[in-house]
Amino acid sequence: MTDLEPRHPLDDDDRAGARQSLGRRRKRVVAIAVAALLVVGGLVAIAGLRNATLFFRNADEAIAQRTDLAERRFRLQGRVVPSSVASDAGVTVFDVVHNCAAVSVRHTADPPALFESPWIPVVLEGRWVAAETVTVAGRDTHYFASDNMLIKHTNEYADANAERIPDLNEPPEGFLDDCAFEVPRL
């Protein structure tokens, strides 16, 4: 049979010291675990707040606030002008329009499948880049560099009967009525 008695018997002081040492180690491990959880929680909160504070601007507002926005990242909303869409080497270039203001966009990620729909409303994430560009409304000094695109679902419905389908190159009824520019046809 194996002898389980300690080789050196512990007196009461040694036992108390061993318990205190073990208690301190446990407290240290718990404190480290709590600190790690607080750091991880803080990082998750910061990431969530950063996404929540991403500015959302319609195309006309973004143009009007261009100097205030400078190179900050924000979300831009507008409708894609179908005749302006071109893709080359993984970059999709197009114009978006909102309230008669046009913004040239260079999107570097693959656009979602619904992007092909004419006059589709989109929300783009990115920032202004200073460069000479041309939009459907004329010359501009900036384009919007986008790397994330969200397609907004519309209530517009196209019936299966061809005679009832509007010309898809035409903007939604009344959308560009007050604009000083004409949209090129496809």
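Residues numbered from 1 in each chain as written. Predicted model: local features only at pLDDT ≥ 70, side-chain atom pairs only at ≥ 80, totals over all residues. Heavy atoms only, no water.

Student: So what's going on with the nonpolar core? Which residues, and what values?
Tutor: Counting 17 residues, the largest nonpolar core has L76, F94, V96, V103, V105, L124 and F144 as the members making the most contacts within it. Those residues within four positions of F144 in sequence are excluded, and the remaining contacts are F74, L76, V103, S104, V105, R106, L124, E125, G126, R127 and W128. V81, V97, W119 and F181 belong to the second-largest nonpolar core, a separate cluster that totals 9 residues. (Core = buried A, V, L, I, M, F, W, Y, C linked by side-chain atoms within 4.5 Å. Buried < 20%, exposed > 50% of the residue type's maximum accessible area, 1.4 Å probe, protein only. Contact = heavy atoms within 4.5 Å.)

Student: Explain the pattern of salt bridges to me, using residue names and the numbers behind them.
Tutor: Under the defined criterion, the tally for this structure stands at 4 salt bridges. For R73, the salt bridge identified is with D147, shortest N-O distance 2.8 Å. Of this pair, R73 sits in the loop between helix 3 (66-69) and strand 2 (74-80) while D147 sits in strand 7 (residues 138-151), and the two are 74 residues apart along the sequence. Looking at R73, the relative accessible area reads 27%, which means it is partly exposed. (Salt bridge = Lys/Arg side-chain N within 4 Å of Asp/Glu carboxyl O. Helix = DSSP H or I, 4+ residues; strand = E, 2+ residues; numbered from the N terminus.)

Student: Please provide a residue-by-residue account of the side chain of R57, values included.
Tutor: As for its position among the elements, R57 is in strand 1 (residues 55-58). It is E61 that comes nearest to the buried, bridge-free R57 among opposite-charge side chains, at 5.4 Å. Of note is the side chain of R57, whose polar atom sits 2.5 Å from the side chain of Q65. Residues in contact with R57, not counting those within four places in the same chain, are A62, Q65, L69, F74, R75, L76 and Q77. (Lys, Arg positive; Asp, Glu negative; His and termini not counted. Polar contact = N/O pair within 3.5 Å; in protein donor to acceptor, adjacent residues only side chain to side chain.)

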